[in-house]
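# Structural overview for review
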Amino acid sequence: MLIPTEPIGSIPRPAELVGAQAAFASGQIGRDELDAVAERALADTVNRFEATGSPIVTDGEQTKSSFATYPLDGATALGSGGAVIPFADGHSRQLPLLTEGPFRYASFAETYFHAARKHASRPVKQAVIAPSALSLLYPADGIAGYPREQFIADLVDQSEADIRRCLDAGADSVQLDFTEGRLSLKLDPSRGLLGSFVDLNNQVLDRFTAEERARIGIHTCPGGDQDSTHSADVDYAELLPDLFALHAGRFYLQLASEPDRRRVLQIVRDHAPDDAQVFVGVIDPIDPRVETAEEVRDRVLEAAEYIPVERLGTCDDCGFSPFADDVSTSRDTAFAKIAARVEGTALARAALGT
């Protein structure tokens, strides 16, 4: 199918699940009760995904603590005081710090894939966190007896395993969330941090064959939490050439919320690898207004002026609720936006005669 369309990740959790997660954290309910609520939320999410006509579905990250920290769920060798991610509206999120080695994932994304596939009649993609984000867990002053070089080696092994388990389980594709890419330019304008992130991610990607990398994609956006971003003020042009140096077969690009989409598309045209599938964002999860199918169609047709149709796809700019406690967008709004993306992409296919 020319011009495929895919979701990015998270769907707002139902109020019942948000409440149950808080109750479990405070010891008011047990694991069995939480799991029952989560299973209902997951089934409803997959069913509503399929009702939109979406040809690809996900678990909506219903049971992830966040898109970034799920590998740490159940881990104990963690302390406070990690990297702070400030958002434009004044709130922030903070990562923990690793306190001892060796570094191991306590939870793998494969479990989310299997849980979603039980309910799905359509192909399931799986989002994983990029190793570059988890590299921020290592403290600046080091860990006695566990040098950073060994941490990076362990991180690369664990990230490869996270991706490979999903591919081997039958995921239609695996998406690495790399939202820290644009943020790195705010933290380090010299571009050294961005370069180190790209190099680290490529260490993992290079462990896969060309055929496998065709099913592995990179997602980038300026963040999206509680209807706020962390790096939308960073010029996209500073990120994109480095982003396309990643050895992935797919790129999922935030675009709908960009003030000058054509400028960005020109950069994509000039720098995207010739054999890569480029999915452009046609839905803005932060905007409370639901886009019309016709608006989506026009955004696709605009992108087709710069990207060959056989390499073009559509997606949402970002997940709708990347952290479990983010209730800034309703489930109804999220699924209405997804339905508009699916319908609008179909209208664009018809207009292009594909």
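The structure this text deals with has already been given above.
Residues numbered from 1 in each chain as written. Predicted model: local features only at pLDDT ≥ 70, side-chain atom pairs only at ≥ 80, totals over all residues. Heavy atoms only, no water.

### What about the overall build of the chain?
For clarity, the threshold we go by: Put simply, DSSP marks the helices as runs of H or I at least four residues long and the strands as runs of E at least two long, and each gets a number from the N terminus on. Here the radius of gyration uses the C-alpha set of atoms, whereas the globule reference equals 2.2 Å times the residue count to the power 0.38. When accessible area is computed with a 1.4 Å probe and restricted to protein chains, residues below 20% of their type maximum are described as buried, those above 50% as exposed, and intermediate ones as partly exposed. Two residues form a contact once any of their heavy atoms are found within 4.5 Å. Using a 1.4 Å probe, accessible areas were evaluated by the Shrake-Rupley method; residue-level cover was limited to the displayed protein chains. Charge assignment in this entry is limited to Lys and Arg as positive and Asp and Glu as negative, and neither His nor the chain termini are counted. Where a charge lies is defined by one atom per residue type, namely NZ (Lys), CZ (Arg), CG (Asp) and CD (Glu).
The number of helices and strands found in the chain is 12 helices and 11 strands. Taken against the 2.2 N^0.38 rule, which gives 20 Å for 354 residues, the C-alpha radius of gyration of the chain at 19 Å falls within 12% of a compact globule. Seen through its C-alpha atoms, the chain measures out along the principal axes to roughly 60 × 45 × 40 Å. A burial count over the chain gives 57% of its 354 residues as buried. Across the chain, every contact between residues at least 6 apart in sequence was considered, and the portion connecting residues at least 24 apart equals 79%. In the structure as shown, the chain presents an accessible area of about 13700 Å², 51% of it carried by carbon and sulfur atoms. Here the chain holds 33 positive side-chain charges and 55 negative ones, and the gap between their average locations is 3 Å.

### Structural notes on the sheet that holds strand E9 (residues 250-253)
Defined as follows: Paired strands are those between which DSSP finds at least two bridges. For helices, the fitted line uses only the C-alpha atoms of the stretch in contact; every axis is such a line through C-alpha atoms, and the angle between N-to-C directions lies from 0 to 180 degrees.
Spatially, the 7 strands line up as an open sheet ordered E1-E11-E10-E9-E8-E7-E6, and their pairing is parallel. Each end of this open sheet is capped by a strand with a single partner; those strands are strand E1 (5-6) and strand E6 (126-129). Note that strand E7 (residues 174-177) and strand E8 (residues 216-220) share 4 bridges and pair parallel. Bridge pairing in E8 links leucine 176 to isoleucine 218. Relative to strand E10 (residues 277-283), helix H11 (residues 293-304) is tilted by about 145°, and along the sheet it contacts E10 and strand E11 (312-316).

### Description of the packing of helix H6 (residues 180-187) against helix H7 (residues 192-205)
We apply this condition: Throughout, the term roughly parallel applies to angles under 35 degrees, roughly antiparallel to angles over 145, roughly perpendicular to angles from 65 to 115, and oblique to all others. When residues are grouped by polarity, Ala, Val, Leu, Ile, Met, Phe, Trp, Tyr, Cys and Pro land in nonpolar, Asp, Glu, Lys and Arg in charged, and all others, Gly among them, in polar.
Where H6 meets H7, the closest approach of the two axes is 7 Å, and the angle between their N-to-C directions is 150°. Taken together, the axes of H6 and H7 lie roughly antiparallel to each other. Contact residues: Glu180, Gly181, Ser184, Leu185 and Leu187 in H6; Leu193, Leu194 and Phe197 in H7. Tallied by class, residues from the contact of H6 with H7 come to 5 nonpolar, 2 polar and 1 charged.

### Description of unusual backbone geometry
Omega for the peptide link from glycine 101 to proline 102 comes to 0°, which places this bond in the cis form. For arginine 191, which is not glycine, the phi torsion reads 80° and is therefore positive. Relative to the helices and strands, arginine 191 is located in the loop between H6 and H7. We note that glutamine 226 has phi near 55°; this positive angle belongs to a residue other than glycine. Residue classification places glutamine 226 among the partly exposed positions, given a relative accessible area of 33%.

Remember that the coordinates give geometry; whether it matters functionally is a separate question.
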